[in-house]
Amino acid sequence: MRLPRFFGKKRGHRRTGSQAWGSFGEGLFYCVLLVAGLGFAGLLLSGAAAPEWRVNHEFLETPCTIIGKGLARYASQEADSAGSFTNKWQPCLRLRYRVAGALHESWSTALPRSSRADRPTAIAQLAAWRLNDELTCWYDPADPNSVVLERGYNWWLWLLMLLLPGALIVFGGSGLVQAIRVWGKSEEHRAASAGLPEMLDPMDHSPSEAPDHPGVPICDDLINSPGTILRYRLPIESPESWTLLGLGLFAMLWNAVVIVLAVGAGLDLLGGTIDWLLFALLVPFVVVGIASVCVFLRGLILATAVGTTQLEISAHPLRPGEQYDVLLGQGGSGTFRTLTMTLELVEQATFRQGTDTRTEQVVVWKEQVNAWHDIHLVPNARFESRVRIFIPHDAMHSFTSEHNAVNWRIVVHGSPERWPAFSRIFPLIVFPSQIAPLASKERSHRSRQEGVL
Amino acid sequence: MSQSNQALVGSPTVSVHFDHSHRLYEPQARLTVRYSIDGIADDERVRAVELSVLWYTEGKGEEDLGVHFFERMTDRERLPPAVTVGSFVSSLPLSPLSYEGLIVKVRWCVRVRLFFTDGRDFVSEHVFELGEIPPAQTKPDGPAIVSV
């Protein structure tokens, strides 16, 4: 018997064999998660949930009399000092009650409104109960000495039981089903299998595809906003907005920490004590906090001061070999030294480098559509210009897969006089050329031949 | 007619014949492939044969894959050594077209994969072109590469 090989040639003609070990390792990992989840759930069920359920459903109700009071002691070892013990005290009552006509006496520790505490607190809790008081208790018919004075559910326990083992069981179970589903299957077989089991793959991030066009991104998000003059208004792609949001969140959280530290230091100062270590820590924290607010405000001003850029287009999706009208609208005030519009084709690849996931973009084709110089903008009257773009007849269509993409876009570059230059990106979707019907192809071929003759 | 025939030492030989010259197909064209499998050692037994037409990406990014046609044969009467030749037909889709980019490449191929009873498999891959997109070219000033 030959063992599977761990490595194989990537392309061409080759023998392969490492897949079996990979699938086995993956399946084992998910199996361990599933078993851990089941074990955890079993422990919680048998140790806490089942006894609680029995108290609420199987214990029998009976009147009882308090005939004694006491404290149960629970010793626990301190974590930081070896050998030292601390005691916790729990109030408990000695109860007398009838079980099938016979008198029974037993201690009950599950008292309403009591918990383990230090000895004085436990004694104070015990004072609320008086000897010879008549109460209602519930006893276990299988073990009449087991008696409680309170019933009900601890909802935190049930939530914990659902969340922690539940997450392990769902993640491990779905992963195991997925591993079993692909066991021994080639990558082509796995890719060809579709349907419900695909939903079990939590790591599947395949992009949405246009109908009948595999690998071409769907363009629903680009045609859901009508234009004022042309048919569609193109959405803007602005990674700067996310950066700005991230900066804002960082500034907010950082300064919240600074405020908490500063309040603590201020209270100490008012109380007449000065914690020099805290003050020394506070200084760099305050500096970073002020810097983060300044950077965020600068980004906010730059993003909002220039004015919005809007693009409208006459049709979408686009096709190679066809022309489209585009309307540029630039708001704001002041003078723009230049405003240029370019049509670009960009390749994007996502890959792993060590433990990092990196994305790289390359502009592989670029054409300047138009350029405007010395534009004077006034508030409430945006600059508008209509231009025409042409998609080359042999251009690659838009393409997207999980880790690779070929994207078309219009980029508007602006150089305002008083503000830094900016670039705004408007994605486009280009479909493959429409296949000419055979009859029209033949007609075209015949007319060409007639032209030659 | 275009033919592809390669073999590794001590491995089976899979020959694939395409019905279009230069293996160039238009979108929605009919792809007819004939294949033959030879050179299987006497001590090896084929458990299954998979035929597929698929696209995959090459380049800087992780590889992505899309299967357009897939057929798995496990019936012993249709497997080597009983049957060593076969053919299949598939209508090609509208996209994605073959593309030779700078960091993203899209390739179409026919794969014939043999599964042996000892658990190993052998795959033979035969590339063809869908569409006629010219390769992306680097301009004299070079492409603008941006890491995001």
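Heads up: the structure comes first, above all this text.
A brief report on the enclosed structure follows. Because the structure is a prediction, the values reported are computed rather than measured. (Residues numbered from 1 in each chain as written. Chains lettered and ligands numbered in written order. Predicted model: local features only at pLDDT ≥ 70, side-chain atom pairs only at ≥ 80, totals over all residues. Heavy atoms only, no water.)

This part takes up the sheet that holds strand β14 (residues 383-390) of chain A. Residue and element names in this part refer to chain A. Taken together, the 4 strands give an open sheet; going across it, the order is β9-β10-β11-β14, and neighbouring strands pair in antiparallel fashion. Because the sheet does not close on itself, it has two edges, and the strands there are β9 (232-234) and β14. When the angles between neighbouring strand axes are averaged without regard to direction, this sheet yields 30°. Examined bridge by bridge, β9 and strand β10 (residues 309-313) share 3 bridges and lie antiparallel to one another. Opposite Leu234, over in β10, you have Leu311 as the bridge partner. (Pairing = 2+ DSSP bridges. Helix = DSSP H or I, 4+ residues; strand = E, 2+ residues; numbered from the N terminus. Axes fitted to C-alpha atoms, helices over the stretch in contact; angles between N-to-C directions.)

On to the environment of Phe431 of chain A. Residue and element names in this part refer to chain A. For Phe431, the position within the fold is in the loop between β17 (422-428) and α7 (438-452). Judged by its relative accessible area of 9%, Phe431 is buried. For the pair Phe431 and Cys219, spaced 212 residues apart in the sequence, the C-alpha separation amounts to 9.8 Å. In this view, Phe431 contacts Ala210, His213, Val216, Pro217, Pro317, Leu318, Arg319, Pro320 and His397; residues no more than four positions away in its chain are not counted. (Buried < 20%, exposed > 50% of the residue type's maximum accessible area, 1.4 Å probe, protein only. Contact = heavy atoms within 4.5 Å.)

Moving on: the pattern of salt bridges. Overall, the coordinates contain 21 salt bridges over all chains when judged by the stated rule. Residues Asp325 of chain A and Arg386 of chain A are paired through a salt bridge, measuring 3.4 Å at the closest nitrogen-oxygen approach. Taken together, the residues span a long stretch of sequence, with Asp325 of chain A in strand β11 (residues 323-330) and Arg386 of chain A in strand β14 at a distance of 61 residues. We note a salt bridge from Arg409 of chain A to Glu344 of chain A, for which the minimum N-O separation is 2.9 Å. With Arg409 of chain A in strand β16 (residues 404-416) and Glu344 of chain A in strand β12 (residues 334-353), this residue pair connects regions lying 65 residues apart in the sequence. For the pair shown, Arg409 of chain A and Glu344 of chain A are each scored as buried. Here the salt bridges do not stand alone but share partners, grouping Glu187 and Glu188 of chain A together with Arg111, Arg113, Asp121 and Glu125 of chain B into one network. (Salt bridge = Lys/Arg side-chain N within 4 Å of Asp/Glu carboxyl O.)

Attention now goes to the side chain of Asp64 of chain B. Tracing the chain through its elements places Asp64 of chain B in the loop between β5 (46-59) and β6 (65-73). Buried within the structure, Asp64 of chain B lacks any salt-bridge partner; Arg352 of chain A is the closest side chain of opposite charge, at an N-O distance of 10 Å. Aside from chain neighbours lying at most four places away, what touches Asp64 of chain B is Ser401, Glu402, His403 and Asn404 of chain A together with Trp55, Tyr56 and Thr57 of chain B. (Lys, Arg positive; Asp, Glu negative; His and termini not counted.)

Residues and elements named next belong to chain A. Per the stated rule, a full pass over the model turns up 0 disulfides over all chains. With no disulfide of its own, Cys64 lies closest to Cys137 among cysteine sulfurs, the gap being 3.7 Å. Residue class for Cys64 comes out buried when judged on its relative accessible area of 1%. (Disulfide = S-S within 2.5 Å.)

Below, the discussion takes up the nonpolar core. Residues and elements named next belong to chain A. Judged by nonpolar contacts, the single largest core of 70 residues is most densely connected at Met341, Ile389 and Ile410. Every residue in contact with Met341, bar those within four places of it in the chain, is listed here: Leu311, Val326, Leu328, Glu367, Gln368, Val369, Asn370, Trp372, Val387, Ile410, Val411 and Val412. Listed in part, the 12 residues of the second largest apolar core include Leu93, Leu95, Tyr139 and Leu149. (Core = buried A, V, L, I, M, F, W, Y, C linked by side-chain atoms within 4.5 Å.)

Here the focus is the environment of Leu102 of chain B. Checked against the element boundaries, Leu102 of chain B lands in the loop between β8 (99-100) and β9 (104-116). Sequence-wise, Leu102 of chain B and Gln137 of chain B are 35 residues apart; in three dimensions their C-alpha atoms are separated by 7.5 Å.

For the rest of this paragraph, the subject is the packing of aromatic side chains. We describe a pair of aromatic rings using the distance from one ring centre to the other and the angle between the two ring planes. On inspection of all chains with the given rule, the structure shows 14 aromatic pairs over all chains. Note on Phe69 of chain B and Phe88 of chain B: the rings are 4.8 Å apart at their centroids and 5° apart in plane angle, and the pair reads as stacked. Taken together, the residues Phe69 of chain B in strand β6 and Phe88 of chain B in strand β7 (residues 85-91) connect sequence positions 19 residues apart. According to the relative accessible area criterion, Phe88 of chain B is buried, its value standing at 4%. Cluster of aromatic residues (ring-pair linked, three or more members): Phe18, Tyr25, Trp108 and Phe128 of chain B. Over the ring of Phe422 of chain A we find Arg424 of chain A; its NZ or CZ atom is 4.5 Å from the centre of that ring. Here the basic side chain of Arg72 of chain B rests over the ring of Phe115 of chain B, its NZ or CZ set 5.1 Å away from the ring centre. (Phe/Tyr/Trp six-rings, centres within 6.5 Å; stacked < 30°, edge-to-face > 60°. Lys NZ or Arg CZ within 6 Å of the ring centre and 35° of its normal.)

The subject of this paragraph is unusual backbone geometry. Cis geometry is found at the peptide bond from His316 of chain A to Pro317 of chain A, where omega equals 0°. Tracing the backbone shows Pro317 of chain A in the loop between β10 and β11. Cis geometry is found at the peptide bond from Ser95 of chain B to Pro96 of chain B, where omega equals -5°. Looking at where Pro96 of chain B falls in the secondary structure, it is placed in the loop between β7 and β8. The residue Asn132 of chain A is not glycine, and still its phi comes out positive at about 70°. Its location among the elements puts Asn132 of chain A in the loop between α2 (119-126) and β5 (134-140). Residue Asn132 of chain A is classed as exposed on the basis of its relative accessible area of 58%.

Scope: geometric values only; no functional claims are made or implied.
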